[in-house]
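# Understanding the architecture of this molecule
These are the residues of each chain, in order.
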Amino acid sequence: DGGITQSPKYLFRKEGQNVTLSCEQNLNHDAMYWYRQDPGQGLRLIYYSQIVNDFQKGDIAEGYSVSREKKESFPLTVTSAQKNPTAFYLCASSIWRENEQFFGPGTRLTVL
Amino acid sequence: AQSVAQPEDQVNVAEGNPLTVKCTYSVSGNPYLFWYVQYPNRGLQFLLKYITGDNLVKGSYGFEAEFNKSQTSFHLKKPSALVSDSALYFCAVRERGSYIPTFGRGTSLIVHP
């Protein structure tokens with residue numbers, strides 16, 4: 001999966017709890033992204049970051065937060081404000097102003 | 001605004017037969033186009049891309065795609081399908097000047113032995 005790791009692979013959360021999904025890359029890529037994947041809906045962009053200490057909201061940022069304190073790391077927090085968080089979450093990276101993205105193996109979050 | 005459509009939710013093909021997975025796009029200028037493959041419970045893997053130049057692009061695992069500007073299409077093709085090609089395929093488009101791609105909903109390819 002191209003030098004990007006995501007942990008954990010599976011995550012279970014009770015309603016009302018915040019959880020943080022980890023994403024680390026060793027590709028020296030400037031840009032990192034978080035996507036949410038639901039069956040039949042493709043990939044929807046949550047947040048992206050072009051450089052350290054900077055990030056932008058994507059199409060579905062409500063109920064999520066991120067940080068980019070290091071180039072290698074882009075953790076995603078799913079807050080209790082996210083109304084329907086059960087989904088498959090994918091992290092990706094790319095060389096900014098280049099083309100294809102490299103994806104991690106994903107984290108499947110289930111809210112109990 | 002940029003958009004991409006994959007008109008087929010599922011494509012079925014017999015092993016050894018040629019396969020086509022369709023993709024059409026809409027952008028305001030010249031596009032960057034991509035194909036990715038996803039196996040169950042895994043991340044996406046890059047297959048190929050069109051940036052400029054030759055309309056026929058060759059990629060990984062014997063896949064190729066043809067850029068057709070007049071029809072705004074970028075169909076994925078392979079001359080002889082393998083059972084191991086069975087997976088979910090995503091087309092993505094990015095306008096030049098926009099650095100965020102838009103993904104299609106995906107097409108499930110099923111190759112029957």
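What this report covers is the structure whose coordinates are included nearby. If you're wondering where the values come from, they're calculated on a predicted model, not measured in any experiment. (Residues numbered from 1 in each chain as written. Chains lettered and ligands numbered in written order. Predicted model: local features only at pLDDT ≥ 70, side-chain atom pairs only at ≥ 80, totals over all residues. Heavy atoms only, no water.)

## Quick notes on the interface of chain A and chain B
At the junction of the two partners, chain A supplies 23 residues and chain B supplies 20 residues. Across the chain A/chain B interface, buried area totals approximately 1800 Å², and carbon plus sulfur atoms make up 53% of it. Taken together, the connections running from chain A to chain B amount to one salt bridge. Of the charged contacts in the structure, one is a salt bridge between B:Lys49 and A:Glu100, with a shortest N-O distance of 2.7 Å. Linking chain A to chain B there are five residue pairs in polar contact (both at pLDDT 80 or more). Where the side of chain A that touches chain B is concerned, the elements lending two or more residues are strand 4 (31-37), strand 5 (43-51) and strand 9 (87-94) of chain A. Here the residues of the side of chain A that touches chain B are counted per class, giving 10 nonpolar, seven polar and six charged. (Contact = heavy atoms within 4.5 Å. Buried area = accessible area lost by both parts, 1.4 Å probe. Salt bridge = Lys/Arg side-chain N within 4 Å of Asp/Glu carboxyl O. Polar contact = N/O pair within 3.5 Å; in protein donor to acceptor, adjacent residues only side chain to side chain. Helix = DSSP H or I, 4+ residues; strand = E, 2+ residues; numbered from the N terminus. Nonpolar A, V, L, I, M, F, W, Y, C, P; charged D, E, K, R; others polar.)

## Things to note about the nonpolar core
Core analysis: the largest hydrophobic core is formed by 27 residues, its most contacted members being B:Trp35, B:Leu47, B:Leu48, B:Phe74, B:Leu76 and B:Tyr89. For this core, the secondary structure elements donating two or more residues are strand 2 (10-14), strand 3 (19-21), strand 5 (31-38), strand 6 (44-50), strand 8 (64-68), strand 9 (73-78), strand 10 (87-95) and strand 12 (107-112) of chain B. Top contributing element to this core by residue count: strand 10 of chain B, with four residues. B:Leu76 has contacts with B:Leu19, B:Thr20, B:Val21, B:Trp35, B:Leu47, B:Leu48, B:Phe63, B:Glu64, B:Ala65 and B:Tyr89, leaving out every residue within four places of it along the chain. A:Leu11, A:Leu76, A:Ala87 and A:Cys91 belong to the second-largest nonpolar core, a separate cluster that totals 20 residues. (Core = buried A, V, L, I, M, F, W, Y, C linked by side-chain atoms within 4.5 Å. Buried < 20%, exposed > 50% of the residue type's maximum accessible area, 1.4 Å probe, protein only.)

## Here's the deal with the pairing of strand 6 of chain B
Of the strand pairs in this sheet, strand 5 of chain B and strand 6 of chain B are connected by six bridges, and their pairing is antiparallel. The residue bridging B:Trp35 from the neighbouring strand is B:Leu48, located in strand 6 of chain B. (Pairing = 2+ DSSP bridges.)

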